[in-house]
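Fold and contact review
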Amino acid sequence: MLAGRTTTEELLAYLVAFDTTSRNSNLELIAFVRDYLAAFGIESVVVPSEAGDKASLFATIGPSGVGGVCLSGHSDVVPVDGQPWTSDPFTLTPKDDRLYGRGSCDMKGFIAACLAMVPDMAAGRLSTPIHLLVSYDEEVGCTGVVPAVRRLGVDLPLPRACIVGEPTSMRVVDAHKSGIAYVTTVTGREAHSSMPQLGANAIFAAAELVGELDRYRAELVAAGDPSGRFDPPNTTVQVTVIQGGTAGNIVPRDCAIRWNVRGLPGFDEDALLDRFERFGREVVLPKLRETAPEAAITTDFIYKVPPLAPQTGSEAELLALRLAGQNRTYTVAYGTEGGHFQAQGISTIVCGPGSIDQAHKPDEFIEVAQLRACERFLKGLIAECAG
Ligand SMILES: [Zn+2]
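Definitions and limits used
Residues numbered from 1 in each chain as written. Predicted model: local features only at pLDDT ≥ 70, side-chain atom pairs only at ≥ 80, totals over all residues. Heavy atoms only, no water. Phe/Tyr/Trp six-rings, centres within 6.5 Å; stacked < 30°, edge-to-face > 60°. Lys NZ or Arg CZ within 6 Å of the ring centre and 35° of its normal. Core = buried A, V, L, I, M, F, W, Y, C linked by side-chain atoms within 4.5 Å. Buried < 20%, exposed > 50% of the residue type's maximum accessible area, 1.4 Å probe, protein only. Contact = heavy atoms within 4.5 Å. Helix = DSSP H or I, 4+ residues; strand = E, 2+ residues; numbered from the N terminus. Donors = N, O, S within 2.8 Å, 3.2 Å for Na, K, Ca; no water. Tetrahedral: all angles 85-135°; square planar, octahedral: opposite > 155°, others 65-115°. Polar contact = N/O pair within 3.5 Å; in protein donor to acceptor, adjacent residues only side chain to side chain.

On to the packing of aromatic side chains, then. If you walk through the whole model with that rule in mind, you get 7 aromatic pairs. By the ring-pair criterion, three or more aromatic residues cluster together here, those being Tyr-182, Trp-259, Phe-276 and Phe-301. Residue placement shows Arg-98 over the ring face of Phe-365; its charged tip is 4.0 Å from the ring centre. The side chain of Arg-328 reaches across the aromatic face of Tyr-330, ending 3.8 Å from its centre.

Have a look at this one:
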């Protein structure tokens, strides 16, 4: 095990070496973090996934029972499959002033910087606690953090503020859209395509549903973004995958469409879903049931990432702006775990090292200067929490 002080770069090399692609277990990485913290006398709470093959880790440095600031990062990374890397993605590779490796930027760099500061946190006689949360399954819908977040304020401390260290180039981000993905499945009835009156064509039905989604899309473009903060300046609706049919001479029984909504903060996704399901029930389904009483249309969630709503003057915002030495906040196009913390009543912003431009790409890297900036930010936080 590591003893004494370990640098951010050394810790990042360890973290990158764990292949925590979202489809894999992250338990070895979690054990590494738990053992590292234990070496400083810090206890961790490990929150396992339902299947038990993954886990989040929550740890508190400083006094218990008094709010504090949570630093949160996800341990999983996106796949490298099919990407043309010029170095081993799971070996941190320094070159010029950059460190290459999968997750170096998104977002093991932030976790490494937090861990490197643990000796200072432990020695800092904090009067305000600093909590660390390392999650999983962020890259597949921000779902892995939820079981741990639900325990904050229940049997784990409720932080007063949360900083999610996604790569923002250390800018303070206070807003992003929600992201909800659905799959709608249409079931009709098969028949020879010369005798369509004996079947119920699931693709025709799905096409009507797609047309309805396209009407929502156009309405939302017209409604725009009153806040003027988002790009594109509206809630978006997209159909992303359509699958149906089996052969050129068979009336198709099955068709599935995947679609998603990225909502401005405050957008009522449930109302949109209600409207869509009513359209299916009242307009599309009766036609299928003329010939196929067993026909059905069902819509299920794939994932739901809540939006991050700007909370001007919030504790997290003021703290992060002070520590980052900045005076304005930003909006990002991607979703984060931040909305889950906000939904739990915790003032939350997103701020972390590295640029989102490098995330998810072959030859992902983080600039060493970004890690130094993150360390300065964290040193400032430790000073404030000790004061
Ligand atoms: Zn990320």
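There's plenty left to go through after this.
Moving on, we get to the nonpolar core. Ranked by size, the top nonpolar core spans 55 residues in total, and within it Leu-37, Leu-71, Leu-115, Val-118, Met-121, Leu-378 and Leu-381 carry the most contacts. In this view, Val-118 contacts Tyr-36, Leu-37, Phe-40, Ile-42, Ile-61 and Leu-132; residues no more than four positions away in its chain are not counted.

On to unusual backbone geometry. In this chain, Asp-106 is followed by Met-107 through a cis amide linkage whose omega measures -10 degrees. Structurally, Met-107 can be placed in helix α3 (residues 104-116). A cis amide bond links Asp-231 with the next residue in sequence, Pro-232, at an omega value of -5 degrees. Within the secondary structure, Pro-232 sits in the loop between α6 (202-223) and β11 (236-244). Of note, Asp-96 is a non-glycine position whose phi angle comes to about 50 degrees, a positive value. Residue classification places Asp-96 among the exposed positions, given a relative accessible area of 72%. At Cys-142, a position not held by glycine, the phi torsion is positive, near 55 degrees.

Listed as protein donors to the zinc ion are His-74 (NE2), Asp-106 (OD), Glu-166 (OE) and Glu-166 (OE); their distances from the metal cover 1.8 to 2.5 Å. For the zinc ion, the 4 donor atoms are set out with angles of 54 to 139 degrees between them, so the coordination reads as irregular. Of note, the donors binding the zinc ion are all from one chain and are spaced H-x31-D-x59-E. With His-74 in strand β3 (residues 69-74) and Glu-166 in the loop between β7 (161-164) and β8 (173-175), this residue pair connects regions lying 92 residues apart in the sequence.

For the rest of this paragraph, the subject is the side chain of Ser-75. Looking at the secondary structure, you find Ser-75 in the loop between β3 and β4 (93-95). Separated by 2.7 Å, the side chain of Ser-75 and the backbone oxygen of Ser-135 make a polar contact. Once residues within four sequence positions are removed from consideration, Ser-75 is found in contact with Thr-20, Asn-26, Leu-29, Lys-108, Ile-111, Val-134, Ser-135 and Tyr-136.

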